[in-house]
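# Structural overview for review
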Amino acid sequence: MSTTDLTTPDPTSPDTTTTAAAAADAVGTNRWYLSSAPIVRALVHLCVPMAAAMIVGAVYNVINAGFVGSLHDNALLAAVTLGTPILGLVMAVGGVFGVGGGSLISRLLGAAERDPAEAAKVKHVSSFAVWGAVITGAVLGALGLVFLQPLVALLGADAATAAATGTYVAVMLLFVPVLTAAFCLEQLVRAEGASRQVMLGLIGSTVLNLVLDAVFILGLHWGVAGVAVATGLSNLAVVAYFAVWLTRHSEHLSVAPRWFTLSPAVLKPVFGVGVGELLQASFLIVTSLVLNNLAAAYGDGPLAAMGVAVRIAQVPEFLLMGVTLGVLPLLAYAYGKGDRGRLTAALRTSALTVGGVGVLFSAVVILFRDQVFSVFVSDPTVLAIGATILTAQLVAMIANGFAGLLTSLFQATGRATPAIVMSLAQGVLFIPIVILGNLWFGLAGIVWALTVTEILVCLVGVVLWLAFRRAIDRGLAEGSPQRAQETLAAAGA
């Protein structure tokens, strides 16, 4: 373990930089997609697998609910639902280390093209991220088990669901270190541009989860404990897969404890970017609870309509998230390399993709919204309000896509302040907007609250981008001597 600086002796041969550049330019490699592949091809490589894995995950959620539903016990279904926020927070903790560490790794790999010594720091970052996630997960899991009963009550379990919820949450807490490590490793592998490997790992984990669900729930009759064990073991398998892949195929990343460091040069950028993920996930849980409680006052119809609208909007939403999350390593690599043209082109192409996919899908669904909604429900009351909710969801989705892209830009360039502000903005704005909307406009105010919030968050992102654009430009100039000369020349003119 090291708590000193991250400098590592490097070859002094004049050919070192040339060798690093040649390695980055090897066509077809993951590094090539980040370094010099055509932008559209790079985005397809990085974003399509990401979106595919997310869609498969969504399908799993539906099938998993079917397994639990086959037990014909509403308390078990409620227990899994009530325990979902725990899983969300665990993923957010993994994201603190994974997203923060991943963006730093991509920047260092980009910087290594001009200064190979930067690549030596990557092992320290990856080891700190993985073991930091494991240690933090272990602490949180232990605390959760100690305070299990208050935690179950906080989640909203009543007398009918407390026992099942306690069982589900307790087993999940035992696997928290595994879950945080799995989510962290996913981000680190993506940081090298290995998006296909991430997709294979996540899809393989999902398939294994389904198999284990069948064994533990239908075969062994373990109920919600079986759901939690299946989730934990499938994530353990993906941790093993990513760790083995990094050991065998990654030139720079390592999960070996000997590279662990507490150097401020690692902690500051990792936590600066990663904390925003934790804040965003926390606010998402709070906003969901507020929204559900307010909507419940209007009966089961609006709640059912919202549930269907969310499921319909999930498909394009996952496609847009695939773009906004998938492009992050590309942006970070270009920034670390000091390649202004590539960063700008990646950002522009991603924005066009987000806008194009969002508008096209929304137009088709809105045009045939009655027919689409009738596939899920037949109640005329739900259909009537469902069309309005679906329209609001789709508009919110487009605004959220652009906001997510700006957040990825801030994370990729290591701008902690705007990244955290973007993470806070949705929760800070949504809660008063939905409460006031309910008071002033009733159900319509609740329906359109998320749309108004997402548009405002997107505008906040644009303002932050304008405010930090010069700082990002300076970082690009520092990343490349040539860029620095160009900047100085432009300033002199």
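In this report, the structure presented in the accompanying data block is examined. Note that the structure is a prediction, hence the values are computed from the model and not measured.

Let us now look at the overall build of the protein chain. For the protein chain, the helix and strand inventory stands at 19 helices and zero strands. Residue pairs in contact within the protein chain that sit at least 24 positions apart in sequence constitute 82% of those at least 6 positions apart. Per element, the accessible surface of the protein chain, about 21,200 Å² overall, is 70% carbon and sulfur.

Take the environment of serine 195 next. Mapped onto the elements of the fold, serine 195 is located in helix 9 (residues 195-219). Overall, the relative accessible area of 4% leaves serine 195 in the buried class. Separated by 131 residues in sequence, serine 195 and glycine 326 have C-alpha atoms that sit 8.0 Å apart. Discounting residues that sit within four places of it in the chain, serine 195 has contacts with His45, Leu46 and Pro49.

Right, let's talk about empty space enclosed by the protein for a bit. One way to see where empty space is left: roll a probe the size of a water molecule over the atoms. Summed over the entire model, instances satisfying the criterion amount to one cavity of 30 Å³ or more. Its volume calculated, the largest cavity comes out at about 90 Å³. Forming the walls of the largest cavity are Leu291, Met306, Ile389, Ala392, Gln393, Ala396, Phe430, Ile446, Val447, Leu450 and Thr451. Where the lining of the largest cavity is concerned, the elements lending two or more residues are helix 16 (380-412) and helix 18 (443-479). The residue makeup of the lining of the largest cavity, split by class, is nine nonpolar, two polar and no charged.

Moving on to the nonpolar core. Counting 114 residues, the largest nonpolar core has Phe97, Ile105, Tyr168, Val169, Leu330 and Leu331 as the members making the most contacts within it. Not counting chain neighbours up to four residues away, the residues in contact with leucine 331 comprise Leu343, Ala346, Leu347, Ser408, Leu409 and Ala412. Grouped together as the second largest cluster of nonpolar side chains are nine residues, Ala419, Ala425, Val457 and Cys458 included.

With that settled, consider the packing of aromatic side chains. Per the stated rule, a full pass over the model turns up seven aromatic pairs. Where phenylalanine 128 meets phenylalanine 271, the ring centres are 5.9 Å apart and the plane angle is 85°; that geometry is what we call edge-to-face. A residue pair is termed long-range when its members are at least 10 positions apart, and phenylalanine 128 in helix 5 (residues 122-146) and phenylalanine 271 in helix 11 (residues 264-296) qualify at 143 residues. Classification of phenylalanine 271 as partly exposed rests on a relative accessible area of 31%. For the ring pair tyrosine 241 and phenylalanine 242, a centre distance of 5.5 Å and an interplane angle of 55° mean the geometry is tilted. Relative accessible area serves as the criterion here: at 0%, phenylalanine 242 is assigned to the buried category. Among the aromatic side chains, those forming a connected cluster through ring pairs are Phe97, Phe128, Phe260 and Phe271. Note that lysine 123 overlies the ring of tryptophan 259, its terminal NZ or CZ placed 5.9 Å from the centroid. For arginine 469, the ring lying beneath its charged end belongs to tryptophan 465, and the centroid distance is 5.0 Å.

Reading guide: rules and limits
Residues numbered from 1 in each chain as written. Predicted model: local features only at pLDDT ≥ 70, side-chain atom pairs only at ≥ 80, totals over all residues. Heavy atoms only, no water. Helix = DSSP H or I, 4+ residues; strand = E, 2+ residues; numbered from the N terminus. Contact = heavy atoms within 4.5 Å. Areas by Shrake-Rupley, 256 points an atom, 1.4 Å probe, with all protein chains shown as cover. Buried < 20%, exposed > 50% of the residue type's maximum accessible area, 1.4 Å probe, protein only. 1 Å grid on protein atoms, 1.4 Å probe; cavity = no way out; pocket = protein on both sides within 12 Å on 5 of 7 lines; lining within 4 Å. Points joined across faces, edges and corners; volume = space filled by probe spheres on them. Nonpolar A, V, L, I, M, F, W, Y, C, P; charged D, E, K, R; others polar. Core = buried A, V, L, I, M, F, W, Y, C linked by side-chain atoms within 4.5 Å. Phe/Tyr/Trp six-rings, centres within 6.5 Å; stacked < 30°, edge-to-face > 60°. Lys NZ or Arg CZ within 6 Å of the ring centre and 35° of its normal.

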